[in-house]
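# Chain and residue survey
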Amino acid sequence: MPETALYPGSFDPITNGHADIIFRAAKLFDRVVIAVGRNSQKSPLFSVEERVQLLQETCRPLPNTIIEPFDGMLVDFARRNGARVIIKGLRAVSDFEYEFQMAMANKHLAPDVETLFLMASAEHLYLSSSIVKEIGRLGGDLSALVPAHVARALQEKFAGLPDEPRSERLP
Ligand code: ADP
């Protein structure tokens with residue numbers, strides 16, 4: 001039976017850290033469904049359609065990946081997609097507590113679905129969508145942090161937004 005894995009996140013926007021996990025997962029599983037959370041409480045910068053499109057562009061070389069918006073219960077979405085595995089990327093220790101809780105809750109709800117953690121690569125340990133948006137807002141160099149088309153989308157997004165107070169925290 002082909003093995004499907006689900007990789008959920010908000011991907012607002014996709015970073016090189018997410019892309020690294022996707023490319024690695026695509027080698028391990030027959031099929032990887034990337035689940036783009038629709039109801040993020042984080043009031044996303046990019047709409048779900050934009051986030052899906054940016055992911056599609058990144059995943060073009062990977063024919064065994066598919067990108068789907070989702071809301072509701074993750075384990076239900078996993079079952080509907082025939083996925084027995086949920087993939088999570090683990091960065092610095094700060095991710096651990098929350099991810100551990102989520103994995104426990106999902107195990108309780110669906111004992112047949114396993115959460116599998118892939119360690120972030122060393123160069124992406126401190127990379128997050130939030131940091132990328134902050135750098136984009138400040139007009140910094142994004143070339144080592146996100147795929148080129150995502151850097152362009154961020155530039156366009158911030159060019160179209162009214163000026164916000166500049167953060168003091170980053171150069
Ligand atoms: P973020 O935390 O950047 O807002 P998401 O909610 O979209 O990202 O995260 C989706 C998944 O990707 C989570 O499992 C998260 O731990 C993982 N992830 C995020 N950034 C990285 C990274 N730099 N390296 C590895 N995994 C990551």
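Residues numbered from 1 in each chain as written. Predicted model: local features only at pLDDT ≥ 70, side-chain atom pairs only at ≥ 80, totals over all residues. Heavy atoms only, no water.

## Observations regarding the overall build of the protein chain
- If you tally the helices and strands in the protein chain, you get six helices and five strands.
- When the helices and strands of the protein chain are placed in sequence order, the string is β-α-β-α-β-α-β-α-β-α-α.
- Counting only C-alpha atoms, the protein chain reaches 50 × 35 × 30 Å along its principal axes.
- Burial status across the protein chain gives 46% buried among its 171 residues.
- For the protein chain, long-range pairs separated by at least 24 residues make up 78% of all intrachain contacts whose partners lie at least 6 apart in sequence. (Helix = DSSP H or I, 4+ residues; strand = E, 2+ residues; numbered from the N terminus. Buried < 20%, exposed > 50% of the residue type's maximum accessible area, 1.4 Å probe, protein only. Contact = heavy atoms within 4.5 Å.)

## Examining the pattern of salt bridges
- All chains considered together, the criterion is met by 10 salt bridges.
- For Lys 133, the salt bridge is made with Asp 12, and the minimal N-O distance between the two is 2.8 Å. Taken as a pair, Lys 133 in helix H5 (residues 129-137) and Asp 12 in the loop between strand E1 (4-9) and helix H1 (16-28) lie far apart in primary sequence, 121 residues in all.
- Between Lys 107 and Glu 114 there is a salt bridge, with its nearest N and O atoms 2.9 Å apart.
- Residue Lys 107 is classed as partly exposed on the basis of its relative accessible area of 31%. (Salt bridge = Lys/Arg side-chain N within 4 Å of Asp/Glu carboxyl O.)

## Comments concerning the sheet that holds E1
- One open sheet holds the five strands; their spatial order is E3-E2-E1-E4-E5, and the pairing between them is parallel. Of all strands in the sheet, those bounded by a partner on one side alone are strand E3 (65-70) and strand E5 (114-119). For this sheet, the mean inter-axis angle between neighbouring strands, taken without regard to orientation, is 30°.
- Where strand E2 (residues 31-37) meets E3, six bridges bridge the pair, whose relative direction is parallel. Paired with Val 32 across the strands is Thr 65, a residue of E3.
- Lying over the sheet, helix H2 (residues 48-58) contacts E2 and E3, oriented at roughly 150° with respect to E2. (Pairing = 2+ DSSP bridges. Axes fitted to C-alpha atoms, helices over the stretch in contact; angles between N-to-C directions.)

## A closer look at the confidence of the model for the protein chain
- Confidence in the prediction for the protein chain averages 92 pLDDT; 92% of positions are at 70 or higher.
- Mean pLDDT per element in the protein chain: helix H4 (residues 96-109) is the minimum at 93, and H1 is the maximum at 98. (pLDDT = per-residue confidence, 0-100.)

## Examining the site of the ligand
- Among the 19 residues in the neighbourhood of the ligand, the closest are listed as Tyr 7, Phe 11, Gly 89, His 124 and Leu 127.
- With respect to the ligand, the side chain of Tyr 7 contributes an N or O atom lying 2.6 Å from an oxygen atom.
- At a separation of 2.9 Å, an oxygen atom of the ligand approaches a polar backbone atom of Phe 11.
- Look at the ligand: alone it shows 540 Å² of surface, and the protein chains cover 91% of it.
- When the residues that make up the shell around the ligand are grouped by side-chain class, the tally is six nonpolar, eight polar and five charged. (Near = heavy atom within 4 Å. Polar contact = N/O pair within 3.5 Å; in protein donor to acceptor, adjacent residues only side chain to side chain. Areas by Shrake-Rupley, 256 points an atom, 1.4 Å probe, with all protein chains shown as cover. Nonpolar A, V, L, I, M, F, W, Y, C, P; charged D, E, K, R; others polar.)

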